[in-house]
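This is what each chain is made of:
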Amino acid sequence: MFALSDMNNAYVEMERIFQPALRGCPVVVLSNNDGCVVSRSAEAKALGIKMGTPWFELRDLEQTHGLVARSSNFALYGDISRRVMRILAEMAPRQEVYSVDECFLDLTGIPDPDELAKQIRDRVLQWTRITVCVGLASTKTRAKLANHIAKVTPRLQGVFNLERLTADQEARLFSKIPVNKVWGVGPRLALRLQQLGIRTVADLQAADDDVIQRQFSITLARTVAELNGVSCLDLEEVAPPRKQIMVSRSFGEMVASEQDLLQAIRTYTAQAAEKLRGQGSTAQAVLVFAGSNRFRPQDRQYHASRYLSLVMPTQDTRVLLAAAERGLKDLYHAGIHYKKAGVLLSELQDAALTQADLFSAGDSGKARALMATVDRLNRECGRGTVYFAGMGRQPTWRVRAGMRSPPFTTRWDSLCIARC
Amino acid sequence: MKPLLPPDLMRTCDARPAVQGARSLHRPFFLCPVAAGFPNPCDDYRDKDLDANELLAPNPAATYYLRIRGHSMRDGFVRDNDIAVVDRSITPRSGHVVVATLDGEMLVKTLVRTPAGGIELHPANSRFPVIAVRPDQEFEVWGVVRWTLHHHLENMPCSP
C-alpha cells in the first residue's frame, strides 16, 4: 500500500507559521523576482486569483481586499519542508521525497493504514503547523488520485483510502474526475486523449492497452496499468542524480553592461558548480545564454547562447568560470537591455568514474580539496561567505525580493520575536 | 631484540652513516605512529562528546528557537533578549510557559486554565496584567518553552 502526502498551500502556510497576522487574510507568495503567484491562501483563491497571475496585475487588491504578498523565502520553505519529511520518514518503513511539499510512503506491513494516515496528519499539524492531505492506494498513481480526492472533499478530513471503495463506487467516482487529474497526464496529453474520446479517469482506466502503447507511449501504458491496480512504479528512495544543472534568473533591473552580465554569469556558474559537487558529478560542457525581455517588444530583441565543450570533465568552479566567461564575452552585444541570463552544465558524469587523459590530468587533488573547503565554508558560515572574484557584492541585477520575510529558522539574527 | 609489532607493520631501513666508515645502523621503521610513553588509560573508556542539541532539542523536527522581547516574564527567568527553545510536540498544560498567538501577535506567557474552563495568560512580573482570553479572540498555543538561553556576557542589567 502506498501513501501520498502533500501540503495544502505549502508556501503560504509556511509563511503563516511565524507571522500570525497573515492568518485569515488573502495571502500570495510570488515567484523569483516577484514575478507571479506560486502559492495562494484559501482566501486568495476565493478572490479568484489564479496560479501564475503576474503580481503587477494584482496590486490593486492590496488596497481593496487587504491582499498581502510575500517574496519567495526558500531558506524558510526548505527548512520547514525538511522537518515535515523527517516526521514522515519516522512514521513509515520507506519514503520517497517527491518535491518540496509531496512525499510517497510505502506502508507495507502497517496493519491499519487509515489510522496511520490520520496520525500522520495530526502529528505534522502539531509539530509544524502544516496541514497535509494523505491519499492511500495500491499503486503510486492511484495514491496521487486518492490524495487529490482527499484534498477536494472536505468531509473526508484530509485522508482517503481509495481501496475502500467497491468496484462500482470507484467506477462512478472515476467517471466524474477529468483525465488531466491523473499523474503524468498534462494539458497537451489530455487534449490528445480527449480527441480519442478519453475524457475521464474511468475512460483512461478502461482504455485499450494496444491503442495506448501504439498511439502514445510506454509511460502512459504504465499509468493505465497503475490505474488498474498493477503497481509498476516503486519508490525511488534516492533521487537519481540530475543529468543537467541549470542556474538562471531574470534580473531585477535590466542589465546593459558586459561587466554586470559577467558578474551575474559568474554567480550562477558558482552556484551550479556547488550543486554539481553536491551530487558527486563532473561536467564536460557549459552552455551560457542571455536575452532581452520578450514582453517589451519596443526593446531591441536579442537572444543568444554559446556552448563550450571542455577538454576534461571537471568540478572545479575556476575551470567552469573560465568557460562561462569566454562564452558570455563571445555572445555579448552592446546596446541590448538584458532581462535574463543563465548557465547550464551538461555532459555530467559520476566524478568517481572520471579518467585522466595523456595531455591533461583533470581536477588535481589540490583543486578538489580547495572546492571542498569553499563548499564547507559557504555551508557553515552562510551562503556567499566565500565567493569568486568578479561575482560582485550588492549588484543591481540581484533579484527583486522586497517582500521577503526573514529566514526565521535558519539564522540566529533572524529569529521570530515573541513578546512578553 | 624481538620486534614489538607484526612484520607487515614494520619495515627496516638503512640509516645513512653520519661518519665515513662507520657501520650502517638498522632501525625499525614503524608504519603506524607510536606514542611515546605509556598508552593513555582513558582511551579504553572514551565516551562521546557532549552535544547541547541532545539536551535542547531531543525532537529536532518540532523544536524552534524564538527571540524574547520584553520584561513581563522576568521573574520566571525569561528575560528580554533571551532565546526561547520551543517544542511543539509537547502537549501544553496549565502552568507551562508557552508561546501563544493572540490576535495576530506572538506572546510568551504562562498558560493557565481556570477552574471555570477559561484560558488566561499570566505574566511573571507584578507590573504586568493577567490576560484573560476571550472567545471572540484569535488564540492558539504555539508551543511549550522547554529552555530559555540567557547570554550573561551580552545583556545589560534588566530595566525595572
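The notes below deal with the structure included here. Computed from a predicted model, the values in this text were never measured in an experiment.

### Some words on the sheet that holds strand β3 (residues 37-40) of chain A
All names here are of chain A.
- With mixed pairing, three strands are arranged side by side in an open sheet as β3-β2-β4. Two strands in the sheet have a free side with no partner beyond their single neighbour: β3 and β4 (68-71). The mean inter-strand angle of the sheet, taken between neighbouring strand axes irrespective of direction, is 30 degrees.
- Bridge count for strand β2 (residues 27-30) against β4 is four bridges, and the pairing is parallel. Across the sheet, Leu30 pairs through a bridge with Ser71, a residue of β4.
- Packed onto the sheet, helix α1 (residues 10-18) meets β2, β3 and β4 and runs at close to 110 degrees relative to β2.

### Some thoughts on the interface of chain B and chain A
- If you look at the interface, chain B gives 29 residues, while chain A gives 23 residues.
- Interface of chain B and chain A: buried area, both sides summed, is about 2,300 Å²; carbon and sulfur atoms make up 57% of it.
- Three residues stand out in chain B for area buried against chain A, namely Tyr64, Arg88 and Met106 of chain B, and they jointly supply 25% of the buried area on that side.
- Ionic pairing is found between Glu140 of chain B and Arg23 of chain A, a salt bridge with its closest N-O pair at 3.4 Å.
- At the boundary of chain B with chain A, the tally comes to 16 residue pairs in polar contact (both at pLDDT 80 or more).
- Among the elements of the structure, β3 (63-69), β6 (105-113) and β9 (139-149) of chain B are those that each provide at least two residues to the side of chain B that touches chain A.
- Of the residues that constitute the side of chain B that touches chain A, the class distribution is 14 nonpolar, nine polar and six charged.
- As paired strands, strand β14 (residues 416-419) of chain A and β3 of chain B are joined by four bridges and run parallel to one another. Across the sheet, residue Arg419 of chain A finds its bridge partner in β3 of chain B, namely Arg69 of chain B.

### Here we look at the packing of α1 of chain A against helix α4 (residues 74-89) of chain A
All names here are of chain A.
- Contact pair α1 / α4: the axes reach a minimum separation of 10 Å and the direction vectors enclose 95 degrees. Considering their axes alone, α1 and α4 lie roughly perpendicular with respect to each other. Taking contact as the criterion, the partners of Tyr11, Met14, Glu15, Ile17 and Phe18 in α1 are, on α4, Phe74, Leu76, Tyr77, Ile80 and Ser81.
- Here the residues of the contact of α1 with α4 sort into eight nonpolar, one polar and one charged.

Cut-off values and rules
Residues numbered from 1 in each chain as written. Chains lettered and ligands numbered in written order. Predicted model: local features only at pLDDT ≥ 70, side-chain atom pairs only at ≥ 80, totals over all residues. Heavy atoms only, no water. Pairing = 2+ DSSP bridges. Helix = DSSP H or I, 4+ residues; strand = E, 2+ residues; numbered from the N terminus. Axes fitted to C-alpha atoms, helices over the stretch in contact; angles between N-to-C directions. Contact = heavy atoms within 4.5 Å. Buried area = accessible area lost by both parts, 1.4 Å probe. Salt bridge = Lys/Arg side-chain N within 4 Å of Asp/Glu carboxyl O. Polar contact = N/O pair within 3.5 Å; in protein donor to acceptor, adjacent residues only side chain to side chain. Nonpolar A, V, L, I, M, F, W, Y, C, P; charged D, E, K, R; others polar. Parallel < 35°, antiparallel > 145°, perpendicular 65-115°, else oblique.

Distances and angles like these do not, on their own, reveal function.
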